[in-house]
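One letter stands for each residue in the lines below.
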Amino acid sequence: MGEFYPEITHSVANVKNVIEAEEKRFLETIENGMDRLEQIVKSVKKGGSGIVTGSDAFVLYDTFGFPLEMTTEMAIEQGLTVDTEGFTSEMEKQRTRGKQSWKGADLGFESVFDEIISTAGNTEFLGYDKESAGGNILLLYRETTKSTSLSEGDRGLMVLDSTPFYGESGARWEILAL
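Rules used in this analysis
- The written sequence of each chain sets the order in which its residues are numbered from 1.
- Note on the predicted model: pLDDT of at least 70 is required for a residue's local features to be given, and 80 or more for side-chain atom pairs to be given and counted; whole-chain, interface and lining totals, by contrast, use all residues.
- Think of the side-chain values as coming from all heavy atoms in the structure, minus any hydrogens and water.
- Put simply, DSSP H or I for four residues or longer makes a helix, DSSP E for two residues or longer makes a strand, and each gets a number counted from the N terminus.
- Under the scheme applied here, a residue whose accessible area is under 20% of the maximum for its type counts as buried, over 50% as exposed, and between as partly exposed, the area being computed with a 1.4 Å probe on protein chains only.
- Contacts are assigned to residue pairs with any non-hydrogen atoms lying within 4.5 Å of each other.
- Surface accessibility follows the Shrake-Rupley procedure with a 1.4 Å probe radius. Residue values consider only the protein chains on display as shielding.
- Across the chain, each position has a pLDDT score giving the predictor's confidence in that residue, from 0 to 100.
- Each patch groups residues whose relative accessible area exceeds 30% and which form no salt bridge, using 9 Å between like charges and 5 Å between nonpolar side chains of Val, Leu, Ile, Met, Phe, Trp and Tyr.
- By convention in these notes, a salt bridge is any Lys or Arg side-chain nitrogen within 4 Å of a carboxyl oxygen on Asp or Glu.
- Think of it this way: a Phe, Tyr or Trp ring, Trp meaning its six-membered ring, pairs with another when their centres are within 6.5 Å, and the plane angle makes it stacked under 30 degrees, edge-to-face over 60, tilted otherwise.
- Positive charges come from Lys and Arg alone, negative charges from Asp and Glu alone, with His and the N- and C-terminal ends not counted.
- By convention, the point assigned to a charge is CZ for Arg, NZ for Lys, CD for Glu and CG for Asp.
- A fitted line through C-alpha atoms represents every axis, and for helices the fit uses only the stretch in contact; the resulting angles, taken between N-to-C directions, go from 0 to 180 degrees.
- With respect to orientation, any angle under 35 degrees is reported as roughly parallel, any angle over 145 as roughly antiparallel, any angle of 65 to 115 as roughly perpendicular, and every other angle as oblique.
- Less than a right angle of anticlockwise turn of the near helix away from the far helix marks a crossing as left-handed, whereas a clockwise turn marks it as right-handed.
- Only Asp, Glu, Lys and Arg are considered charged in this grouping, and only Ala, Val, Leu, Ile, Met, Phe, Trp, Tyr, Cys and Pro are considered nonpolar; every other residue, Gly among them, is considered polar.
- Only buried residues count toward a nonpolar core. Its members are Ala, Val, Leu, Ile, Met, Phe, Trp, Tyr and Cys residues joined through side-chain atoms within 4.5 Å.

Colleague: Before we go on, may I ask you to explain the overall build of the protein chain in this structure?
Modeller: Helices and strands together make up the secondary structure of the protein chain, namely five helices and six strands. In the protein chain, the order of α-helices and β-strands from amino to carboxyl end is α-β-α-α-β-α-α-β-β-β-β. A total of 178 residues make up the protein chain; the buried ones form 24% of that total. Sequence separation of 24 or more characterises 58% of the internal contacts of the protein chain that already satisfy a separation of 6 or more. About 12,700 Å² of surface is accessible on the protein chain, with carbon and sulfur atoms providing 53% of the total.

Next comes the structure, spelled out in structure tokens:
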């Protein structure tokens, strides 16, 4: 990769150390996950259900980086099955928690965010090539009244068809003049 990133050719020892440290942390995480999976397997066998719960499979995935496929394969080796529907349910709960913790929630958009996105459509990001650009307004959304118009001093959301700016989660912008 030195041809594309010449700076790394001058710090080969540092790059090697960083890679080795990351690999060591990854292996430690997997080892801790394996230990946890062994505990789960023992518990499932002792309980007699023969099923690794979706919740346990999700903890292995979320905390230890264990892909569901790896958990399933190892469970099968032990004569067990994995509740994949329960795992999917836990993933959905995690997505919901993530949406609720989105900083935009303090703007009052969390309940209509999906609707806003589906109504407005995609925004073309121009920031890699431009520092300024014109754009068309795809959607205006007033914070307090859920109106599609904004006036001076209103707080709300404006979605453009193209912009050189990164979207700011939770940023508050005021329309100073229209």
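Colleague: Sorry if this is basic, but what is going on with the confidence of the model for the protein chain here?
Modeller: The predicted structure's coordinates, where accompanied by low pLDDT, should not be read in detail. When the pLDDT values of the protein chain are averaged, the result is 80; 81% of them are 70 or greater. Taken as a whole, residues 169–178 scores under 50 in pLDDT and shows 26 contacts with residues more than four places along the chain or in a different chain.

Colleague: Could you clarify how one ought to interpret a nonpolar patch on the surface in this entry?
Modeller: On the surface, a nonpolar cluster with roughly 470 Å² of combined accessible area is contributed by M1, F4, Y5 and I8. With respect to the helices, strands and loops of the structure, Y5 is situated in the segment before α1 (12–47).

Colleague: Help me out: how do you make sense of the packing of aromatic side chains in this one?
Modeller: The geometry of an aromatic ring pair comes down to the distance between the two centres and the angle between the two planes. Applying the stated criterion across every chain yields a total of three aromatic pairs. Here F58 and F87 contribute two aromatic rings whose centre-to-centre distance is 6.1 Å and whose plane-to-plane angle is 55°, an arrangement assigned as tilted. Of this pair, F58 sits in helix α2 (residues 54–64) while F87 sits in helix α4 (residues 84–101), and the two are 29 residues apart along the sequence. Judged on exposure class, the residue F58 and its partner F87 are both buried. Measuring from ring centre to ring centre gives 5.6 Å for Y61 and F87, while their planes differ by 85°; the resulting arrangement is edge-to-face. Residue Y61 is found in helix α2, and its partner F87 is found in helix α4; the two are separated by 26 residues along the sequence. Through a chain of ring-to-ring contacts, three or more aromatic side chains come together here, namely F58, Y61 and F87.

Colleague: Is there a simple way to explain a negative patch on the surface in this structure?
Modeller: Negative charge collects at one region of the surface, where E28, E31, D35 and E38 lie side by side. Considering the arrangement of structural elements, one finds D35 in helix α1.

Colleague: Would you take a moment to explain the packing of α1 against α2 for this structure?
Modeller: Direction vectors running N to C along α1 and α2 enclose 170°, while the axes themselves pass 10 Å from each other. By the angle class used here, α1 and α2 are roughly antiparallel. Note that α1 runs across α2; the crossing there is right-handed. Every residue of α2 that contacts α1 at T29, I30, N32, G33, R36, L37 and I40 is listed here: D56, L60, T63 and F64. In terms of residue class, the contact of α1 with α2 is made up of five nonpolar, four polar and two charged.

Colleague: Honestly, the nonpolar core in this entry has me stumped. Any pointers?
Modeller: What tends to happen in soluble globular proteins is that the nonpolar side chains get buried as a cluster. One finds L37, V52, L60, F66, L80, V82 and F87 to be the most contacted residues of the largest nonpolar core, which totals 18 residues. Secondary-structure elements contributing two or more residues to this core are α1, α2, α3 (68–77) and α4. Looking at which element gives the most residues to this core, the answer is α1, with five residues. Leave out the neighbours within four places in its chain, and V82 touches I51, V52, A57, L68, T71, T72 and A75.

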